[in-house]
Amino acid sequence: MHGFIRKFVVYVALPTAFLFTLVVAGLLQEFAPDDLPAAARDAGVALPLKNPLIVVCIQPMTLSLYDGETLTQRYNIGYGRGPIGRISKRENSTPLGEFVIAGKEKRKNVMGHGSRFLRFDFPTEEIALRAWDGGTISDEECDAILEAHAAGEE
């Protein structure tokens, strides 16, 4: 009987408790109140921000929101499957460089991908030309990206 209890605890109870803790922590974070107004007020910054800048640091996985040079708020983040170095849309990693936020989304699959997502104007013309020069994308893909940017599309 003692062996059964030990196996039950190791193979069922502990993994279940761990998964339950992850789910509860994720839900608590998801439905936490927005503390940006208070953080902006504490930093001496008025909303809406006059000169917003977002800086993403791959390590330690943070997104920092600035108004000019004043740090307004810092958030813990997640990123694509391969964390760095993306140069084409076929890859699942977070791109490196300077980008404009082209949109933001709220996802329904909170547990699989997180609830909020910022879409960049990716790839930029510079990255497209670098990817084309390195043979990562074709002539047609490069031309399509450059034409989309010329037309003001993302």
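Look up a bit, the structure's there.
Residues numbered from 1 in each chain as written. Predicted model: local features only at pLDDT ≥ 70, side-chain atom pairs only at ≥ 80, totals over all residues. Heavy atoms only, no water.

What is the right way to look at the overall build of the chain in this model?
The helix and strand tally for the chain stands at five helices and five strands. Put simply, the chain runs from its N terminus to its C terminus through helices and strands in the order α-α-β-β-β-β-α-β-α-α. A total accessible area of about 11400 Å² is found for the chain, and carbon and sulfur atoms account for 60% of it. (Helix = DSSP H or I, 4+ residues; strand = E, 2+ residues; numbered from the N terminus. Areas by Shrake-Rupley, 256 points an atom, 1.4 Å probe, with all protein chains shown as cover.)

Before we go on, may I ask you to explain helix H5 (residues 139-150) in this structure?
Compared with an ideal rise of 1.5 Å per residue, which puts twelve residues at 16 Å, H5 spans 16 Å between its outermost C-alpha atoms and is within 8% of the ideal. Among all positions of H5, only Cys142, Ile145 and Ala148 are buried. Axial view of H5: buried residues confined to an arc of 130°, hence all on one face. In H5, the exposed positions angled more than 90 degrees off the buried face are occupied by Glu140, Glu147 and Ala150. For H5, the elements touching its buried residues are helix H4 (125-133). (Expected span 1.5 Å × (residues − 1). Buried < 20%, exposed > 50% of the residue type's maximum accessible area, 1.4 Å probe, protein only. Arc of directions from axis to C-beta. Contact = heavy atoms within 4.5 Å.)

I'm lost on a negative patch on the surface in this one. Help?
Taken together, the side chains of Asp139, Glu140, Asp143 and Glu147 present a region of like negative charge at the surface. Looking at the secondary structure, you find aspartate 143 in helix H5. (Patch = residues over 30% accessible without salt bridge, like charges linked within 9 Å, V, L, I, M, F, W, Y side chains within 5 Å. Salt bridge = Lys/Arg side-chain N within 4 Å of Asp/Glu carboxyl O. Lys, Arg positive; Asp, Glu negative; His and termini not counted. Charge placed at Lys NZ, Arg CZ, Asp CG, Glu CD.)

Is there a simple way to explain a nonpolar patch on the surface in this structure?
On the surface, Phe4, Ile5, Phe8, Tyr11 and Val12 cluster together into a nonpolar patch covering about 550 Å² of accessible area. Relative to the helices and strands, phenylalanine 8 resides in helix H1 (residues 2-30).

In this structure, what is going on with the side chain of threonine 62? I would like to understand it.
Of note, threonine 62 is situated in strand S2 (residues 62-67). Those residues in contact with threonine 62, other than ones at most four positions away along the chain, are Val55, Val56, Cys57, Arg74, Tyr75, Asn76 and Ile77.

Explanation requested: unusual backbone geometry in the structure shown.
For residues besides glycine, phi is generally negative; the peptide bonds are generally trans as well. Residue leucine 47 is joined to proline 48 through a cis peptide bond whose omega torsion reads -5°. Assignment of secondary structure puts proline 48 in the loop between helix H2 (36-42) and strand S1 (52-57). Its identity as a non-glycine residue notwithstanding, methionine 61 has a phi of 60°, on the positive side. By the secondary structure assignment, methionine 61 is in the loop between S1 and S2. Classification of methionine 61 as partly exposed rests on a relative accessible area of 31%.

Would you explain the sheet that holds S2 in this entry?
By way of backbone hydrogen bonds, the strands of a sheet pair with one another, either parallel or antiparallel. Reading across the sheet, the three strands line up as S1-S2-S3 and stay open at both edges, with antiparallel pairing between neighbours. Of all the strands in the sheet, just S1 and strand S3 (70-76) have a single pairing partner and so form its edges. Strand-to-strand twist across the sheet, computed as the mean angle between neighbouring axes with direction ignored, equals 20°. Inspection of the sheet shows S1 paired to S2 by six bridges, in the antiparallel sense. The residue of S2 that forms the bridge with valine 55 is serine 64. (Pairing = 2+ DSSP bridges. Axes fitted to C-alpha atoms, helices over the stretch in contact; angles between N-to-C directions.)

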